[in-house]
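# A structural walkthrough
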Amino acid sequence: MKKTLRDFDLGGKRVLIRVDFNVPLDKNLNITDDSRIRATLPTIRHALEKGARVILMSHLGRPDGKPVSSMSLSPAAKRLSELLGMEVIQCSDCVGPRVKEELRDLGGRSSVALLENLRFNPDEEKNTPSFAQELAENGDIYINDAFGSSHRAHASIEGVTRFLPSGAGFLLEKEIRYLGEAMQNPQKPFVAILGGSKVSDKIGVVENLIAKVDTIMIGGAMAYTFLKVRGVEIGNSKYEKDKIDLAKKILDKAAAARVEILLPVDHVCVQKVDENAVVKIEGPSISAGWFGVDIGPKTIELFTRQLDSAKTVVWNGPMGIFEMKPFSKGSYEIAEKLANLKGATTVVGGGDTAACVAGFGLGDKMSHISTGGGASLEYLEGKALPGIAALEDK
Ligand code: ADP
Ligand code: 3PG
Ligand code: MG
């Protein structure tokens, strides 16, 4: 068990909190999805209520160690200020004498500052100890609430813990509770739903899940590599030729572990990936010249029926090209089914899957939507995340 926010006396202290405000921005630098900011509010509010001075730090994008104005955290500072209903001091950098000066304006108690993008400095990603120490000088206690970045052994995630007492924020704690419960102590039947674009992105996840689940349903483009192994014609659908052998090994491993693998039995097919393309439903085989872009109605029926009795469900990877409305039905029906599953724990992970479920307006109907993209995948692969490992034990 790691220490958490509750294990520290925060009153009058400077609490340095690593958050993941790496939020999507449009070309006018407006935030298009502020879930990651909202998800850290409980931690920030708790620290403020206890009379702490809150100093937040985050990265945004991949500026490669130099300042890039379009990757400033100022849109995040503005949004946070609106959400908290109080001033958020936007610092000009994350370390250095000027930042010390700016933080002095924080006053005595219950105030918030946001440091500028950590990745404007090359030492963040290099995890340079002197830089981590400089970051640490901004606080008295370090809290990691950046689950989405905890797979990165960077200075603000890992290095900084060597210089300050450290613990987990409420978001990090919640992520570990839901993802951890599912992986270590799931209520059975445990069903995994996997999809998305590539088998190669998810091999570690599939292999790790085989040891834990009762059933794996595979949709999305991932399914076509597996269907190919089973000798099903897939037309022009996206698949990975060089992963056929691996997919075969995975199917054999699942059979040996008596894990049921469900693959699509029909598909929404087009001749050109375009929202306005003519669509036909085919299955299990797909004709030459046609692409599978979503799971078909019989597959939706097969998958949702299997979900009826599930007590734990982990979903990573959309069932189709959900970004295009005509190909989003498979993902929608799965999301809707999970939203209405009684007495089951439903956990959604993966950047695109989380965006897909949020886009359907079903986010708050899931037990937990992870704020991690890469981090939740690594967690589901069973890897130890450096940002969690580095925190102090209770
Ligand atoms: P996550 O980010 O949740 O881990 P992925 O990045 O693996 O998910 O997959 C999401 C992408 O998979 C989406 O952009 C979606 O359009 C794509 N996708 C899903 N099904 C198909 C398909 N049949 N053909 C091509 N792309 C697909
Ligand atoms: C994410 O969006 O997955 C995290 O913020 C980590 O970002 P990174 O992949 O650029 O390290
Ligand atoms: Mg993705």
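In short, a report on the structure. (Residues numbered from 1 in each chain as written. Chains lettered and ligands numbered in written order. Predicted model: local features only at pLDDT ≥ 70, side-chain atom pairs only at ≥ 80, totals over all residues. Heavy atoms only, no water.)

What follows concerns the nonpolar core. Counting residues in hydrophobic clusters, the biggest one holds 65 residues, and the most contacted among them are Leu 115, Leu 209, Ile 216 and Phe 226. Examining the composition of this core, we find that 6 residues originate from one element, helix H8 (residues 199-210), more than from any other. Here Phe 226 is in contact with Val 199, Ile 218, Ala 247, Ile 250, Leu 251 and Leu 263, once residues within four sequence places are set aside. Formed by 29 residues, the second largest nonpolar core is a distinct cluster that contains Phe 21, Val 54, Leu 60 and Leu 114. (Core = buried A, V, L, I, M, F, W, Y, C linked by side-chain atoms within 4.5 Å. Buried < 20%, exposed > 50% of the residue type's maximum accessible area, 1.4 Å probe, protein only. Helix = DSSP H or I, 4+ residues; strand = E, 2+ residues; numbered from the N terminus. Contact = heavy atoms within 4.5 Å.)

For ligand 2, the full set of nearby residues is Asp 20, Asn 22, Arg 36, His 59, Arg 62, Arg 119, Gly 148, Ser 149 and Arg 152. A distance of 2.6 Å is found between an oxygen atom of ligand 2 and a side-chain nitrogen or oxygen belonging to Arg 152. Summarising the interface, the protein chains cover 85% of the accessible area of ligand 2, which totals 310 Å² for the free molecule. The cavity where ligand 2 resides is the second largest pocket. The residue makeup of the shell around ligand 2, split by class, is no nonpolar, 4 polar and 5 charged. (Near = heavy atom within 4 Å. Polar contact = N/O pair within 3.5 Å; in protein donor to acceptor, adjacent residues only side chain to side chain. Areas by Shrake-Rupley, 256 points an atom, 1.4 Å probe, with all protein chains shown as cover. 1 Å grid on protein atoms, 1.4 Å probe; cavity = no way out; pocket = protein on both sides within 12 Å on 5 of 7 lines; lining within 4 Å. Sits in = over half its atoms within 2 Å of the grid points. Nonpolar A, V, L, I, M, F, W, Y, C, P; charged D, E, K, R; others polar.)

Moving on: the sheet that holds strand E14 (residues 345-348). What holds strands together in a sheet is hydrogen bonding between their backbones, with the strands either parallel or antiparallel. The strand order across the open sheet built from 6 strands is E9-E8-E7-E13-E14-E15, with neighbouring strands paired in parallel fashion. At either margin of the open sheet sits one strand with a lone partner, and together these are strand E9 (260-262) and strand E15 (368-369). Of the strands in this sheet, strand E7 (190-194), strand E8 (215-218) and strand E13 (312-316) touch H8, which is tilted by about 165° from E7. Lying over the sheet, helix H11 (residues 297-307) contacts E7, E8, E9 and E13, oriented at roughly 155° with respect to E8. (Pairing = 2+ DSSP bridges. Axes fitted to C-alpha atoms, helices over the stretch in contact; angles between N-to-C directions.)

Right, let's get into the environment of Gly 169. Secondary-structure assignment places Gly 169 in the loop between strand E6 (166-168) and helix H7 (170-184). Judged by relative accessible area, Gly 169 falls into the buried class, the value being 0%. Residues Gly 169 and Leu 5, spaced 164 residues apart in sequence, show a C-alpha to C-alpha distance of 5.5 Å. Contacts of Gly 169, omitting those with residues within four sequence positions, involve Thr 43, Ile 143, Asn 144 and Asp 145.

This part covers the pairing of strand E5 (residues 141-144). Where burial is concerned, the two faces of E5 agree: the one with Ile 141 and Ile 143 and the one with Tyr 142 and Asn 144 are both buried. By the bridge criterion, 4 bridges tie strand E1 (residues 14-18) to E5 in an arrangement that is parallel. Bridge assignment links Arg 18 to a residue of E5, and that residue is Asn 144. Note: E5 against E6, 3 bridges, orientation parallel. Within E6, the position partnered with Asn 144 by the bridge is Ala 168.

Tallying each qualifying case throughout the model produces 2 aromatic pairs. Aromatic side chains Tyr 332 and Phe 360 sit 5.1 Å apart centroid to centroid with 90° between the ring planes, which places their arrangement in the edge-to-face category. Of this pair, Tyr 332 sits in helix H12 (residues 329-339) while Phe 360 sits in the loop between helix H13 (351-359) and E15; the two residues are 28 residues apart in sequence, bridging distant segments of the chain. Judged by its relative accessible area of 22%, Phe 360 falls in the partly exposed class. One Lys or Arg, Lys 228, reaches over the ring of Tyr 239 and ends 4.9 Å from the middle of that ring. The ring of Trp 290 is capped by Lys 280, whose NZ or CZ atom sits 4.3 Å from the centre of that ring. (Phe/Tyr/Trp six-rings, centres within 6.5 Å; stacked < 30°, edge-to-face > 60°. Lys NZ or Arg CZ within 6 Å of the ring centre and 35° of its normal.)

With that settled, consider the site of ligand 1. In the vicinity of ligand 1 lie 19 residues, with Lys 202, Gly 320, Glu 323, Asp 352 and Thr 353 positioned nearest. Taking Ala 221, its main chain carries an N or O atom lying 3.4 Å from a nitrogen atom of ligand 1. Within the side chain of Asp 352, a nitrogen or oxygen atom sits 2.9 Å from an oxygen atom of ligand 1. Looking at the shell around ligand 1, the elements that each hand over two or more residues are strand E12 (291-295) and H13.

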